[in-house]
Amino acid sequence: MKKISMILLLSLICALGFFSGKAEASSTGPASIVINDELIKFKDVKPFMSNNVTYVPIRLFSQSLGVDVNWDQQKQIAILTKASRKLSLDLKQNMIITESGGKQKVSLHLVNNQMVAPYRFIGEYFGYQVEYVQKGSFARITDKNAKLTNEQIYEKYKKELTKTTTKPGKVAYLTFDDGPNAHTERILNILKKYDAKATFFMLNDNMAAHQTVVKEMVSEGHGVGCHGVTHDQQKFYRSPASAVGEMNTCLSTLAKITGQHSTVIRVPYGSKPYMTTNYRKAMDAKGYQMWDWNVDSLDWKLLNGPKTANYTINQIKALQKSGTSPLILFHDKATTADALPAVLSYLKENGYELLPITNDIEAYNFWDRRKI
């Protein structure tokens, strides 16, 4: 029995592909989840993607499958049971454990005090068929009780599916370099207040020293990437190998802390003039996506909240005329936190959606100044 369960677990892992970052047939993933013939209405925490894997709050999702969920607060383990099947999700270890004791590393998170996990694995483990439906951008989880076709599901929930799959008209990307540090928690609290997602390009040793904050970034749906190890121009740019080596180290640390295998990077001081052809080829060979910015807040120079806010907003206004999405450079500083409410208020009032940078977005940098 144990051998059969282990074989089932391994076959599911291979079939799902989310451990290699290829969970969905679409680059955007499902915006909605349909179980048999019913659209699931998520409230506080909605399905979201991280590194090409779609996560859902497990309690509502599992109960909709007829799966019982018990949460062990002390051990931080969710136990899912249905008939003779049992699955344990260990938040502390980022581990899935089968009833036979088989184990597999996955990324598990807490979002608004709710555990979220890859929906596809849970559905298939408990005997459901899972597919992604392009028209309507929804995931369909079915068993023998499903009656409707996918086209009928789309017609039944057309209004809801159209609403959830509408692409944002205006997007802004807020990015923060050099953290995490003593100011990052305050920045995260401000972002949460404005329902804004950002991306943090972090330094290796700072991540190691502030692991709880790094995990919080991921659990709250922010983008995470790397800024290197030394932030020393002479050391980082000594050779293409040294530049790649620092990013290898930094991204490995990020993966160990969060379980997130990011390929998103920002090199120290920006990519020009230092990242010449050989450097860029070396980064490309590793699959790393190099990001710069089109709005420099000058928070590193102004060191004043109101001045930083005004300077940043004026640049955003200039970009608006050309229909270009602002990609804003900030740093984890106290004065930057002072500036954030004004900048976020302006962006929200002018209809911007504030999104994180993820692995599946084409990078923008000074060597490729495409319109974003």
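Relevant structure appears above.
Worth saying up front: this structure is predicted, and the values here are computed from it rather than measured.

Trainee: Explain the nonpolar core residue by residue, including any values.
Mentor: If you look at the biggest cluster of nonpolar residues, it comprises 50 residues, and the most contacted ones within it are L174, F176, L191, F200, M283 and L347. Beyond its immediate stretch of four places on either side in the chain, L174 contacts L191, A198, T199, I328, F330, L340, L344, L347 and L354. Of all hydrophobic cores here, the second largest spans 29 residues; its members include I35, V56, Y128 and V130.

Trainee: Account for helix α6 (residues 184–193), with residues named and values stated.
Mentor: Among all positions of α6, only T184, I187, L188, I190 and L191 are buried. All buried residues of α6 lie within an arc of 160 degrees about the axis, which places them on one face of the element. Against β14 (171–177), β15 (198–203), α8 (211–219), β20 (327–331) and α14 (334–349) lie the buried residues of α6. Just beyond α6, the residue with positive phi is D195, at close to 50 degrees.

Trainee: Explain the packing of helix α13 (residues 305–320) against α14 to me, using residue names and the numbers behind them.
Mentor: Remark: α13 packs on α14, axes separated minimally by 8 Å, with the N-to-C direction vectors making an angle of 35 degrees. Here α13 and α14 pass one another in a crossing that is right-handed. For the pair formed by α13 and α14, the contact residues are G305, T308, A309, T312, I313, I316, K317 and Q320 on the first element and T335, D338, A339, A342, V343, Y346 and L347 on the second.

Trainee: Can you tell me about the pairing of strand β1 (residues 32–35), naming the residues and giving the values?
Mentor: Alternating positions in β1 separate into two faces, S32 and V34 on one and I33 and I35 on the other, with burial throughout. Here β1 hands over to strand β2 (residues 38–39) after two residues, with N36 in that stretch at a positive phi of 55 degrees.

Trainee: Just give me the short version of the packing of aromatic side chains, but keep the residues and values in it.
Mentor: How two aromatic rings sit relative to each other is set out by the distance from centre to centre and by the angle between their planes. Applying the stated criterion across every chain yields a total of nine aromatic pairs. With 6.3 Å between their ring centres and 85 degrees between their planes, F61 and Y119 make a pair best called edge-to-face. Taken together, the positions of F61 in helix α2 (residues 58–64) and Y119 in helix α3 (residues 119–125) put the pair 58 residues apart, joining distant regions of the chain. According to the relative accessible area criterion, F61 is buried, its value standing at 0%. Relative accessible area serves as the criterion here: at 0%, Y119 is assigned to the buried category. Among the aromatic residues, ring-to-ring pairing joins F236, Y237, Y274 and Y279 into one connected group. A cation sits over an aromatic face here: K170 above Y352, 4.5 Å from the ring centre. Positioned over the ring face of W367 is R280, at 3.9 Å from the centre of the ring.

Trainee: Kindly report on the pairing of strand β4 (residues 53–57), identifying the contributing residues and their values.
Mentor: For β4, the tally of buried residues reaches five of five residues, placing the bulk of the element in the interior. Side chains V53, Y55 and P57 project from β4 onto one buried face, and the interleaved T54 and V56 project onto a second face that is buried too. The pairing of β4 with strand β11 (residues 114–118) spans three bridges and is classified as antiparallel. Each residue of the ladder has a partner; that of Y55, found in β11, is P118.

Trainee: If you had to explain the sheet that holds β2 to someone new, which residues and values would you point to?
Mentor: Strand order in the open sheet made by the four strands is β2-β1-β13-β12, with mixed pairing throughout. If you trace the sheet from one side to the other, it starts and ends with β2 and β12 (129–133), each paired once.

Trainee: So what about the environment of L251? Which residues, and what values?
Mentor: In this structure, L251 sits in helix α10 (residues 240–258). Residues L251 and C226, spaced 25 residues apart in sequence, show a C-alpha to C-alpha distance of 6.1 Å. In contact with L251, not counting residues within four places along its chain, are C226, S262, V264, I265 and Y288.

Trainee: Got a sec to walk through the pattern of salt bridges? Specific residues and values, please.
Mentor: A pair can form between side chains of opposite charge whenever their charged atoms are brought close. For the structure on display, the rule yields nine salt bridges. In this structure, the salt-bridge partner of D177 is R266, at a minimum N-O distance of 2.8 Å. Pair noted here: D177 is in strand β14 and R266 is in the loop between β17 (264–265) and α11 (277–285), with a separation of 89 residues, a long-range link. In terms of burial, D177 and R266 fall into one category: buried.

Trainee: Give a description of α10 that names residues and reports values.
Mentor: Counted at 1.5 Å a residue, the expected span for α10 with its 19 residues is 27 Å, and the 27 Å between its end C-alpha atoms agrees. If you check which residues of α10 are buried, you get S242, A243, V244, E246, M247, C250, L251, T253, L254, A255, I257 and T258. G259 occupies a position one or two residues after α10 and carries a positive phi of about 80 degrees.

Trainee: Lay out the environment of T249 with the relevant residues and their values.
Mentor: Along the chain, T249 turns up in helix α10. Between the alpha carbons of T249 and G228 there is a distance of 7.8 Å; along the sequence they are 21 residues apart. The contacts of T249, once residues within four sequence positions are left out, are N204 and V229.

Trainee: I'd like a description of the side chain of T324, backed by residues and values.
Mentor: Relative to the helices and strands, T324 is located in the loop between α13 and β20. Since its relative accessible area comes to 15%, T324 is described here as buried. Not counting residues within four places of it along the chain, the set of residues in contact with T324 comprises N294, L319, K371 and I372.

Parameters and conventions
- Residues numbered from 1 in each chain as written.
- Predicted model: local features only at pLDDT ≥ 70, side-chain atom pairs only at ≥ 80, totals over all residues.
- Heavy atoms only, no water.
- Core = buried A, V, L, I, M, F, W, Y, C linked by side-chain atoms within 4.5 Å.
- Buried < 20%, exposed > 50% of the residue type's maximum accessible area, 1.4 Å probe, protein only.
- Contact = heavy atoms within 4.5 Å.
- Helix = DSSP H or I, 4+ residues; strand = E, 2+ residues; numbered from the N terminus.
- Arc of directions from axis to C-beta.
- Axes fitted to C-alpha atoms, helices over the stretch in contact; angles between N-to-C directions.
- Left-handed = near helix turned anticlockwise from the far one by under 90°.
- Pairing = 2+ DSSP bridges.
- Phe/Tyr/Trp six-rings, centres within 6.5 Å; stacked < 30°, edge-to-face > 60°.
- Lys NZ or Arg CZ within 6 Å of the ring centre and 35° of its normal.
- Salt bridge = Lys/Arg side-chain N within 4 Å of Asp/Glu carboxyl O.
- Expected span 1.5 Å × (residues − 1).

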